[in-house]
Amino acid sequence: MPLLDNTLTLLLEGYAWLPALRRRSESDVVHTRVMGQRAFALLGPDAARFFYDEDHVRRAPALPEPVKSTLFGHGAVHSLDGDDHRARKAVFVSLMTPERVAGLTEEVAAVWERTTASWPAGRPVVLFDAAAGILTEGVCRWAGIPLDASEVPGLAADLVAMVDGFGSPGPRHWRARAARRRREEWLAGIVERVRGGAVTPPPGSALAAVSGHRDLGGRPLASRIAAVELLNVIRPTVATSWFVTFAAHALHRWPANRARLAGGDPAFAEAFTHEVRRFYPFAPFVAGKAVTDLTWRGEHIRADWLVMLDIWGQNHDPRLWKDPYVFDPGRFTGRRTGAFDLIPQGGGDPATGHRCPGEPATVSLLEDLSVRLARLDQAVPAQDLTISLRRVPARVASGFVLTPGVRAGTGSPAAAGDRRPQPL
């Protein structure tokens, strides 16, 4: 019996699509069809090891054009495999040393403190938008990208659009394409000025590293490709605004975590950060193409089939996480998490595989900003705090509005609690 194409169902159901197919099949594997291609979906740490083995699955051939034109860019490191992928990725890994990540976190923290200190007491702030602006300014300072303060809002909006528009058709998608074209042209011009001597980036900065990088043949990257890769440094950093907003959402829903975070316990900040990344929706799945005919636990996979790893399903698998729909940072206290267990940003070794090399920066930024959020005097007025799992990428519907300078419980709407429906 021929398999029906599930593309429309995927677009309608979002994160719930693969788990629903798996429940109907009563198996950890699913046979389906997406975008006209035969697809095989799998789940679990062993499945992640299988998926991220380049002898089994290659990511590059599976990247659809809409994702290249919005999220990653054409010619990006994500579109490479093998030695070419490792050589290009080495640039990103070199930028994510502990010292460099600490420097990025310090830059963003300085912008956060300056920005939050300027918020007028009692005037509502949309945290998602504010966090995007803070992260944009901080990462550009760290990356050595020249940016005037007046340019920050427009750049932040474009970087957010690239992430926000990759997962669905319609206006969001076309805004993402336009934003990418605009910012690739802007950054290509900066790269050309660096190479021409008109701009001197700080030594060791992302701008210096990408502008000076040469491929395996000894050739410098085309200025447009260099721009793509610079966006692949700053765009994922600004995407941390999703997690910052989710952290605020978690602190509002489970306020008992606030005091421990505000106390500055590094171990709890790390545990809280990992639980935010596990519990809240970000990437629904990743996909690649089977390199050759394969077998997974008795199931046959033909060469060139689409192979999909269910990230949302794995991060909520009760066999891996007790009570997976309970938000519990304690599950990460004293727990050593394997490279293929918690996979919101991919699995395996970031130096050699397709795991996001910027993950340490995401974790460091979220740890630091979660503590600062917990220490912020704020109230949370009544608003729509739902998170639709049909929207990819998912967001807090209201963007999470907070009122700075007002303590919850002092007569603000937050004192009575939010009465709107809650997600998850």
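Residues numbered from 1 in each chain as written. Predicted model: local features only at pLDDT ≥ 70, side-chain atom pairs only at ≥ 80, totals over all residues. Heavy atoms only, no water.

1. Comments concerning the confidence of the model for the protein
Under the convention used in this document: The pLDDT value tells you how sure the predictor is about a given residue, anywhere from 0 up to 100. Only heavy atoms enter the contact rule, under which two residues are in contact if any of them lie within 4.5 Å.
When pLDDT is averaged across the protein, the result is 88; 93% of the residues are at 70 or more. For the stretch residues 409–423, pLDDT sits under 50, and the model shows 24 contacts to residues farther than four places along the chain or on other chains.

2. So, the pattern of salt bridges
Inclusion rule: By definition, a salt bridge exists where a carboxyl oxygen of Asp or Glu is found within 4 Å of a side-chain nitrogen of Lys or Arg. Numbering goes from the N terminus for both helices and strands, where a helix is a DSSP run of H or I of at least four residues and a strand is a run of E of at least two. Accessibility here uses a 1.4 Å probe with only protein chains present; expressed as a share of the type maximum, an area under 20% marks a residue as buried, one over 50% as exposed, and anything in between as partly exposed.
Enumeration over the complete set of coordinates arrives at 21 salt bridges. Across the pair Asp158 and Arg183 runs a salt bridge whose closest N-O atoms are separated by 2.7 Å. With Asp158 in helix 8 (residues 152–164) and Arg183 in helix 9 (residues 171–195), this residue pair connects regions lying 25 residues apart in the sequence. The pair Asp158 / Arg183 is uniform in exposure class, with both members buried. When the shortest N-O distance is used, the salt bridge between Glu275 and Arg331 registers 3.1 Å. Here Arg331 lies in the loop between helix 15 (311–314) and helix 16 (359–375) and Glu275 lies in helix 14 (residues 266–279), a separation of 56 residues in the sequence. Neither Glu275 nor Arg331 differs from the other in exposure class; each is buried.

3. Points about the packing of helix 12 (residues 240–253) against helix 16
The condition that has to hold: Every angle, taken between N-to-C directions, lies between 0 and 180 degrees, and every axis is a line fitted to C-alpha atoms, over only the stretch in contact when it is a helix. Under this scheme an angle from 65 to 115 degrees is roughly perpendicular, one under 35 degrees roughly parallel, and one over 145 degrees roughly antiparallel; angles in between are oblique. Helix crossings are classified by the rotation of the near helix relative to the far one: an anticlockwise turn of less than a right angle makes the crossing left-handed, while a clockwise turn makes it right-handed. Polar here means any residue outside two lists: the nonpolar Ala, Val, Leu, Ile, Met, Phe, Trp, Tyr, Cys and Pro, and the charged Asp, Glu, Lys and Arg; Gly therefore counts as polar.
In contact at an axis separation of 10 Å, helix 12 and helix 16 are set at 40° when each is read in the N-to-C sense. As judged from the angle between their axes, helix 12 and helix 16 are oblique. For helix 12 against helix 16, the interelement crossing comes out right-handed. Contacts from Thr240, Phe243, Val244, Ala247, Ala248 and Leu251 of helix 12 reach helix 16 at Thr362, Leu365, Leu366, Leu369, Ser370, Leu373 and Ala374. Split by residue class, the contact of helix 12 with helix 16 holds ten nonpolar, three polar and no charged.

4. Overview of the side chain of His213
Within the secondary structure, His213 sits in the loop between helix 10 (206–212) and helix 11 (223–238). Among the residues examined, His213 registers a relative accessible area of 13% and is labelled buried. Residue contacts for His213: discarding those within four places in its chain leaves Ala87, Arg88, Val91, Arg219, Pro220 and Leu221.

5. Structural notes on the sheet that holds strand 10 (residues 401–404)
Note the cut-off: At least two bridges found by DSSP between two strands is the condition for calling them paired.
Pairing within the open sheet is antiparallel, and its three strands lie in the order 4-10-9. Whereas interior strands pair on both sides, the edge strands pair on one side only; in this sheet they are strand 4 (125–126) and strand 9 (378–379).

6. Let's talk about the sheet that holds strand 5 (residues 285–290)
Ordered by their spatial adjacency, five strands build an open sheet running 1-2-8-5-3, and the pairing between neighbours is mixed. Both outer strands of the open sheet, strand 1 (30–34) and strand 3 (57–58), are each paired with one neighbouring strand and no more. Inspection of the sheet shows strand 1 paired to strand 2 (residues 37–42) by five bridges, in the antiparallel sense. Opposite Thr32, over in strand 2, you have Ala39 as the bridge partner. Its contacts with the sheet place helix 2 (residues 17–25) against strand 1, strand 2, strand 5 and strand 8 (306–310), and it is angled at close to 135° to strand 1.

7. Focus: the pairing of strand 1
Burial along strand 1 is one-sided: the face carrying Val30, Thr32 and Val34 is buried and the face carrying His31 and Arg33 is not. Linkage of strand 1 to strand 2, two consecutive antiparallel strands, is achieved through a turn of two residues, within which Met35 is found at a positive phi near 50°.

8. A few points about the packing of aromatic side chains
How we decide: Pairs were defined over the aromatic rings of Phe, Tyr and Trp, the Trp ring being its six-membered one, requiring ring centres within 6.5 Å. Orientation was assigned from the angle between planes: stacked under 30 degrees, edge-to-face over 60, tilted for the rest. Should the NZ of a Lys or the CZ of an Arg lie within 6 Å of a ring centre and within 35 degrees of the ring normal, that charge is described as sitting over the ring.
Counted according to the given criterion, the structure contains 18 aromatic pairs. Ring centres 5.0 Å apart and planes at 85° place the aromatic pair Phe51 and Tyr52 in the edge-to-face group. Taken together, the ring pairs connect Phe243, Phe246, Trp254, Phe268, Phe272, Phe279, Tyr280, Phe282 and Phe327 into an aromatic cluster. Arg183 extends its terminal NZ or CZ atom over the ring of Trp186, reaching a point 5.3 Å from the ring centre. Here the guanidinium or amino end of Arg395 rests over the ring plane of Phe128, the centre of that ring lying 3.9 Å away.

9. Here we look at the environment of Ile387
Tracing the backbone shows Ile387 in the loop between strand 9 and strand 10. C-alpha of Ile387 to C-alpha of Asp310: the two residues are 77 residues apart in sequence and 19 Å apart in space.

10. Considerations on helix 9
Threshold: Every helix has an expected span of 1.5 Å times one less than the residues it contains.
In this model helix 9 runs 36 Å from its N-terminal to its C-terminal C-alpha over 25 residues, within 8% of the 36 Å that 1.5 Å per residue would give. At the exit of helix 9 stands Gly197, carrying a positive phi of roughly 90°.

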